[in-house]
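Take a look at the letters that make up each chain.
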Amino acid sequence: MLDDTLLSVDGLCVAYDGSNALNGVSLKIRKGELICVVGANGAGKTSLIRSIAGIVPSFSGSVRMNGVDITKLPPWDICELGIAQVAEGRQIFGALSVEENLLIGGSLKRAIADQDAALEFVYGLFGRLCERRRQFAGTLSGGEQQMLAIGRAIMSKPEIVMFDEPSIGLSPVVTDMMFDVVKSLHQRGITVLLVEQNVAKSLALSNRGYVLENGSVVLQGQSDELLNNTDVQRAFLGM
Ligand code: ATP
């Protein structure tokens, strides 16, 4: 059988000052899937994304992209392989314009030839960013900054986008819009790893899910099964 695994994480361990944040996390994402990782505050969701992205080192375990071991690669090489992240807190460059922020995403070797088309695509997706393309990114609203962070990731021509709590701090209306954007990117063929505290919405959107607790995967399965799991309902859905 053909193995269509895009990203595989095996036994990943991360610690900060000797205290473990990830205790041997394993997961697989197939090409074209939308996977969510849910968990409470401090479960290790951000550490997982940052470790895959090469920002936080792991002390054990591995990350493979298309079968290639990327565990020890620096973040920029990982971006060049088509792994983009939309970080929690957005991490945009506030003193640069909207368009300059987007062009930074599009300046990767893998993306530069298609930069103009990607910019047009992002402005088509987020008309608000087009209107405000000369504005300093630091003066955008929270929702607009989230659009910019997503736009910058799209500019890098990713195979997979990792979203770290895209709904955090946003109003319900803007949150719904963000989930719609995640859905539409997935429908356009981008593989998605979505990390969220909004368990109901992210399970409703995804194909499969993983539940992270104290740095370990405690449950995994098809998202509809997890939505009907009584432990998940009790822990996250207030049932
Ligand atoms: P949240 O939903 O609140 O963002 P999370 O699931 O993303 O939480 P992480 O941010 O990965 O969880 O944190 C996992 C654990 O690692 C927590 O106990 C946290 O305090 C700790 N931690 C995270 N970053 C650091 C750091 N830079 N230095 C020390 N400890 C850290």
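Use the structure listed above.
Report follows, based on the coordinates. (Residues numbered from 1 in each chain as written. Predicted model: local features only at pLDDT ≥ 70, side-chain atom pairs only at ≥ 80, totals over all residues. Heavy atoms only, no water.)

1. Let's talk about helix H4 (residues 115-125)
For H4, the complete set of buried residues consists of Gln115, Ala118, Leu119, Val122 and Tyr123. Viewed along the axis of H4, the buried residues span an arc of 135°, placing them on a single side of the element. The exposed set on the far side of H4, more than 90 degrees from its buried face, consists of Asp116, Ala117, Glu120 and Gly124. Buried residues belonging to H4 abut helix H3 (98-105), helix H5 (127-131) and helix H6 (142-155). (Buried < 20%, exposed > 50% of the residue type's maximum accessible area, 1.4 Å probe, protein only. Helix = DSSP H or I, 4+ residues; strand = E, 2+ residues; numbered from the N terminus. Arc of directions from axis to C-beta. Contact = heavy atoms within 4.5 Å.)

2. A short note on the site of the ligand
As a structural note, the neighbourhood of the ligand is formed by 13 residues, with Asn41, Lys45, Thr46, Ser47 and Glu165 the closest of them. Within the backbone of Ala43, an N or O atom sits 3.1 Å from an oxygen atom of the ligand. With respect to the ligand, the side chain of Thr46 contributes an N or O atom lying 2.8 Å from an oxygen atom. Protein contact buries 58% of the 640 Å² of open area that the ligand shows by itself. With three residues, the single largest contributor to the shell around the ligand is helix H1 (residues 45-52). (Near = heavy atom within 4 Å. Polar contact = N/O pair within 3.5 Å; in protein donor to acceptor, adjacent residues only side chain to side chain. Areas by Shrake-Rupley, 256 points an atom, 1.4 Å probe, with all protein chains shown as cover.)

3. A short note on the pattern of salt bridges
Counted under the stated rule, the structure contains nine salt bridges. Between Arg128 and Glu144 there is a salt bridge whose closest N-O contact spans 2.6 Å. Of the two residues, Arg128 is situated in helix H5 and Glu144 in helix H6; the sequence distance between them amounts to 16 residues. Judged by its relative accessible area of 39%, Arg128 falls in the partly exposed class. Among the residues examined, Glu144 registers a relative accessible area of 5% and is labelled buried. Taking the shortest distance from any N to any O, the salt bridge between Lys201 and Asp176 comes out at 2.9 Å. Here Lys201 is found in helix H8 (residues 199-205), whereas its partner Asp176 is found in helix H7 (residues 172-187), with 25 residues between them in sequence. Here Lys201 falls in the partly exposed class, since its relative accessible area comes to 34%. (Salt bridge = Lys/Arg side-chain N within 4 Å of Asp/Glu carboxyl O.)

4. As for the nonpolar core
Among the nonpolar cores identified, the biggest contains 39 residues, and Leu102, Leu129, Leu148, Ile150 and Phe163 are the most heavily contacted of them. When residues in this core are grouped by element, the largest group, seven residues, is from H6. In this view, Phe163 contacts Ile49, Val86, Ile150, Val182, Leu185, Val192, Leu193, Leu194 and Val195; residues no more than four positions away in its chain are not counted. Counting residues in hydrophobic clusters, the runner-up holds 29 residues, among them Val14, Ile70, Ile160 and Val195. (Core = buried A, V, L, I, M, F, W, Y, C linked by side-chain atoms within 4.5 Å.)

5. Describing the layout of surface pockets
Of the volumes computed, that of the largest pocket is approximately 520 Å³. Around the largest pocket, the lining comprises 21 residues; the ones closest to its centre are Cys79, Ala84, Gln85, Ile104 and Arg152. Looking at the lining of the largest pocket, the elements that each hand over two or more residues are helix H2 (75-80), strand E6 (83-86), H3 and H6. Among the residues making up the lining of the largest pocket, the classes are represented as 15 nonpolar, four polar and two charged. (1 Å grid on protein atoms, 1.4 Å probe; cavity = no way out; pocket = protein on both sides within 12 Å on 5 of 7 lines; lining within 4 Å. Points joined across faces, edges and corners; volume = space filled by probe spheres on them. Nonpolar A, V, L, I, M, F, W, Y, C, P; charged D, E, K, R; others polar.)

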